[in-house]
Amino acid sequence: MANNVVFSDIESLREVWTVAAEVAAGTPLVNGTKAGVALTDSGGRTRSHAMGPYTTSGIPSGGVGLAALEVSVATTGTFEFTGVTGVTTGTAQGALIYITSAGALTTTASGNTLFGRVNYPKDYTKAAEKAPVKIGA
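Bear in mind that the values here come from a model prediction, so they are computed numbers and not experimental data.

Participant: Please explain the overall build of the protein as it appears in this structure.
Facilitator: Looking only at helices and strands, the protein has zero helices and 12 strands in total. Element order for the protein, N to C, with α for helix and β for strand: β-β-β-β-β-β-β-β-β-β-β-β. Scaling as 2.2 N^0.38, a compact globule of 137 residues should have a C-alpha radius of gyration of about 14 Å, and the protein matches this with 16 Å. With the C-alpha coordinates aligned to their principal axes, the bounding extent of the protein is approximately 45 × 35 × 30 Å. Sorting the 137 residues of the protein into buried and exposed places 34% on the buried side.

Take a look at the structure:
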């Protein structure tokens, strides 16, 4: 899941995609061979909110104007992802990142779709399974 925007996307290139199941903002996605990152929760997604001993459930959290299973997607920009299988502190600038059919990010090409490239900004602190990924690069 994307934690932070490292380099902003081009707003005019954002798209609305239909997804198979509701997704949260920050989810890496692929539509055919096109990579993207969910900018909002999908239209039918809900959340719960706890305050003291009370919990309210079923609060709509999807992007405004989106139908269930629709999501606003960035198709450009660099986003920081955690849980990227194969990324180490030695992963090189420009290393290819792939997305599996289950939606996980990995450095393994075999059977997976190209998602983007590692795009470290100056003085980035490298860590295992964490990388800024330039979408679709």
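Participant: In this structure, what is going on with the sheet that holds strand E9 (residues 96-99)? I would like to understand it.
Facilitator: Adjacent strands of a sheet form backbone hydrogen bonds with each other and so pair up, either parallel or antiparallel. Read from one edge to the other, the open sheet built from six strands follows the order E1-E8-E12-E11-E9-E10, with strand pairing classed as antiparallel. Edge positions in the open sheet fall to strand E1 (2-7) and strand E10 (105-106), since each of these has one partner strand only. Across five bridges, the pairing between strand E8 (residues 78-82) and strand E12 (residues 130-135) is antiparallel. Residue Phe81 lies in a different strand from E12, and its bridge partner there is Ala131.

Participant: Explain the side chain of Thr78 to me, please; I cannot follow it from the model alone.
Facilitator: On the secondary structure map, Thr78 appears in strand E8. On the basis of relative accessibility, which here comes to 2%, the residue Thr78 falls in the buried class. At a separation of 2.8 Å, a polar atom in the side chain of Thr78 contacts the side chain of Asn119.

Participant: Hey, could you run me through the sheet that holds strand E2 (residues 15-18) in this one?
Facilitator: The strand order across the open sheet formed by four strands is E2-E7-E4-E3, and the pairing between neighbours is antiparallel. Edge positions in the sheet fall to E2 and strand E3 (28-31), since each of these pairs with one other strand and no more. This sheet shows a mean twist of 50° between the axes of neighbouring strands, independent of strand direction. Bridge count between E3 and strand E4 (residues 34-38): four bridges; the pairing is antiparallel. The residue bridging Leu29 from the neighbouring strand is Gly36, located in E4.

Participant: How do you make sense of the pattern of salt bridges when you look at a structure like this?
Facilitator: Two side chains carrying opposite charge are able to pair once their charged atoms lie near each other. In total, this model carries four salt bridges according to the counting rule given. Its salt-bridge partner being Arg14, residue Asp9 comes within 2.8 Å of it at the nearest N-O pair. A salt bridge links Lys122 to Asp123, with the shortest nitrogen-to-oxygen separation between them at 3.5 Å. Comparing Lys122 with Asp123, the two get one shared label, exposed.

Conventions used here
Within each chain, residue numbers correspond to sequence positions counted from 1 in written order. In keeping with the predicted nature of the model, local features appear solely for residues at pLDDT of at least 70, side-chain atom pairs appear and are counted solely at 80 or more, and the whole-chain, interface and lining totals rest on all residues. Hydrogens are left out, water is left out, and the side-chain values use all remaining heavy atoms of the structure. The secondary structure listing takes helices from DSSP runs of H or I that are at least 4 residues long and strands from runs of E that are at least 2 residues long, numbered from the N terminus. Atoms considered for the radius of gyration are the C-alpha atoms alone. The globule rule reads 2.2 Å times the number of residues to the power 0.38. Only protein chains enter the accessibility calculation, which uses a 1.4 Å probe; a residue is then buried when its area is under 20% of its type maximum, exposed when over 50%, and partly exposed in between. Here, a strand pair is defined by DSSP locating no fewer than two bridges between the strands. For this analysis, a polar contact is any N or O atom pair within 3.5 Å, provided that within protein one partner can donate a hydrogen and the other can accept it, and provided that sequence-adjacent residues contribute only side-chain to side-chain pairs. Under this scheme, a helix contributes an axis fitted over its contacting stretch, all axes are lines through C-alpha atoms, and angles between N-to-C directions fall in the 0 to 180 degree range. We count a salt bridge whenever a side-chain nitrogen from Lys or Arg sits within 4 Å of a carboxyl oxygen from Asp or Glu.

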